[in-house]
Amino acid sequence: MTKDISNLDYIEKKVLDFIKSESLISQGDSIILSVSGGSDSIALSEILYNLSSILNLNLYIVYIDHHVRLNTYIEKEIIKDYATSRSIPYAFLDIYTTDFTEKTLREERYKALIKFSEKIKFNKIALGHTLDDQIETIIMNFFKGYGIEGLCGIPTKRDNFIRPIIILSKEEILEYCKRKNLKYVDDFTNLLPITLRNRIRYQLIPFLKENIPQFPQSIISQSVILSIENDLLEKLSKKYFDGLKRSNNVIEIENEGWKLLHDAIKIRVLKEIFKNFNEELSNEAIFYILREMSIMEGSKTLEIGNTEIYLYNQKIYIYKKEEHELMLILPIPGEVKLPTGEILKAELIRNEGEPFNFKDLWHAYFDYDKIKAKELIVRNWKEGDRIEPFGLEGKSKKVQDVFVDKKIPKWKRKIIPLVTYKDKILWIPGVIRSDIAKVTNDTQTILHLSLKKEV
């Protein structure tokens with residue numbers, strides 16, 4: 001470890017220049033080193049250890065045991081010896097999962113690292129991805145059809161994760177470890193052609209190097225260009241997405257504006273919408289949605305998994321179906337907050353003959369002397385519900401028919417609250433009130449119900 005840059009190994013200088021050019025690390029950062037005991041992560045640790053005095057870094061080595069292999073004690077011993085010899089604190093963390101796919105193990109590993117970093121208040125996590133990993137990932141993403149985002153490869157930084165040695169080839173890593181006499185143990189399964197990545201590494205990439213003179217520099221240059229273009233598309237898409245009206249599990253889109261968007265933006269917006277609904281779209285699903293949304297007319301509904309897309313009054317509503325039953329108690333007087341963020345309020349007022357706006361369906365007035373209840377039940381609509389509409393003198397009507405008459409979209413019917421009294425529907429805010437307990441000249445106390453957005 002040295003404070004003199006001139007004494008650094010040329011690989012360390014190369015990484016230092018990369019760190020500065022990409023703004024990966026700031027002076028005084030506290031960095032967790034995710035170390036597996038392999039050559040890549042050990043080299044990462046040594047490089048940042050030797051840069052720590054220059055950058056004033058605090059380092060902490062963390063090893064994640066997935067409990068997939070039996071010989072992890074060898075890796076732990078190597079890490080323990082390495083960390084102890086350099087006075088770097090270290091920790092061994094355990095994760096358990098029944099899904100041993102590469103994606104799941106990576107996600108669980110990252111969760112554990114984030115949780116531990118928050119616990120010890122370290123602000124960055126360094127990962128040991130190399131240039132070879134980058135090339136392999138880009139090729140894999142190409143074959144899997146991941147679009148521009150996939151062809152950008154592994155980002156040098158995302159959130160608190162940084163990849164300082166992603167500019168180094170595996171050959172450079174191994175030479176560095178040899179030059180520094182670093183002990184490591186690489187997972188032997190990485191040498192077996194049993195995964196797509198390994199087959200690309202040992203079969204496809206050697207073929208490409210032999211037959212394409214520009215490879216692999218061509219693929220790296222391409223990823224840089226695509227990253228710049230991808231950044232622009234991301235910013236445009238985010239600006240549009242952030243401008244959409246959102247309420248709980250409903251997103252509203254102006255149909256005319258949507259039609260004017262380029263498909264490249266539409267695709268990203270749809271991905272972001274479904275991501276917010278915890279659903280992942282395949283390319284085929286995206287193309288299907290784009291095609292169907294372009295020809296939607298009238299009140300057509302499009303169902304994708306647990307999501308409905310509905311066109312109504314020149315607006316597109318994308319709604320995440322929820323099966324949760326709404327059942328709340330509204331005290332009289334008092335108020336209750338709905339899952340949509342709206343406030344349903346009940347208050348008692350003395351009838352002094354002042355006129356009320358009975359046409360405002362967001363307010364309803366009832367003769368409290370005929371109700372005399374301490375509370376009302378608020379629930380969601382169910383098939384078969386009936387209401388006695390105001391003015392029909394006790395005759396009932398299906399609530400579903402009321403929704404149809406009022407042109408209430410199907411998705412919206414499931415989130416509109418129904419205020420009930422003795423198992424009868426008293427009021428449907430914004431839609432209709434019942435004929436129950438009408439206010440007359442003889443009414444002394446008025447029950448005023450209202451629904452408004454929380455301020």
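Residues numbered from 1 in each chain as written. Predicted model: local features only at pLDDT ≥ 70, side-chain atom pairs only at ≥ 80, totals over all residues. Heavy atoms only, no water.

(A) Inspection of the overall build of the chain at higher detail. Within the chain one finds 14 helices and 22 strands. Taking 23 Å as the expected radius of gyration for a compact globule of 455 residues, we find that the chain reaches 31 Å, considerably beyond that expectation. Overall size of the chain, expressed as C-alpha extent along the three principal axes, is 100 × 50 × 40 Å. Buried residues in the chain amount to 47% of all 455 residues. Taking all contacts inside the chain whose residues are at least 6 apart in sequence as the whole, residues at least 24 apart take part in 69%. (Helix = DSSP H or I, 4+ residues; strand = E, 2+ residues; numbered from the N terminus. Rg over C-alpha atoms; globule rule 2.2 N^0.38 Å. Buried < 20%, exposed > 50% of the residue type's maximum accessible area, 1.4 Å probe, protein only. Contact = heavy atoms within 4.5 Å.)

(B) Geometry of the sheet that holds strand 10 (residues 307-312). A sheet is described by the order of its strands in space; here five strands give the open sequence 7-8-11-10-9, paired in antiparallel fashion. One side of each edge strand has no neighbouring strand; the edge strands of this open sheet are strand 7 (245-247) and strand 9 (301-304). On average, adjacent strands in this sheet sit at an angle of 20° to one another, irrespective of strand direction. Judged from the six bridges that link them, strand 10 and strand 11 (residues 315-320) form a sheet pairing that is antiparallel. The residue bridging Glu308 from the neighbouring strand is Tyr319, located in strand 11. Set on the sheet, helix 12 (residues 283-294) makes contact with strand 9, strand 10 and strand 11; between it and strand 9 the angle comes to about 175°. (Pairing = 2+ DSSP bridges. Axes fitted to C-alpha atoms, helices over the stretch in contact; angles between N-to-C directions.)

(C) The arrangement of the environment of Ser169 in detail. With respect to the helices and strands, the residue Ser169 is situated in the loop between strand 6 (161-162) and helix 7 (170-179). When the C-alpha positions of Ser169 and Gln134 are compared, they lie 9.6 Å apart, and in sequence the two are 35 residues distant. Apart from residues lying up to four places away in sequence, Ser169 is in contact with Leu131 and Asp132.

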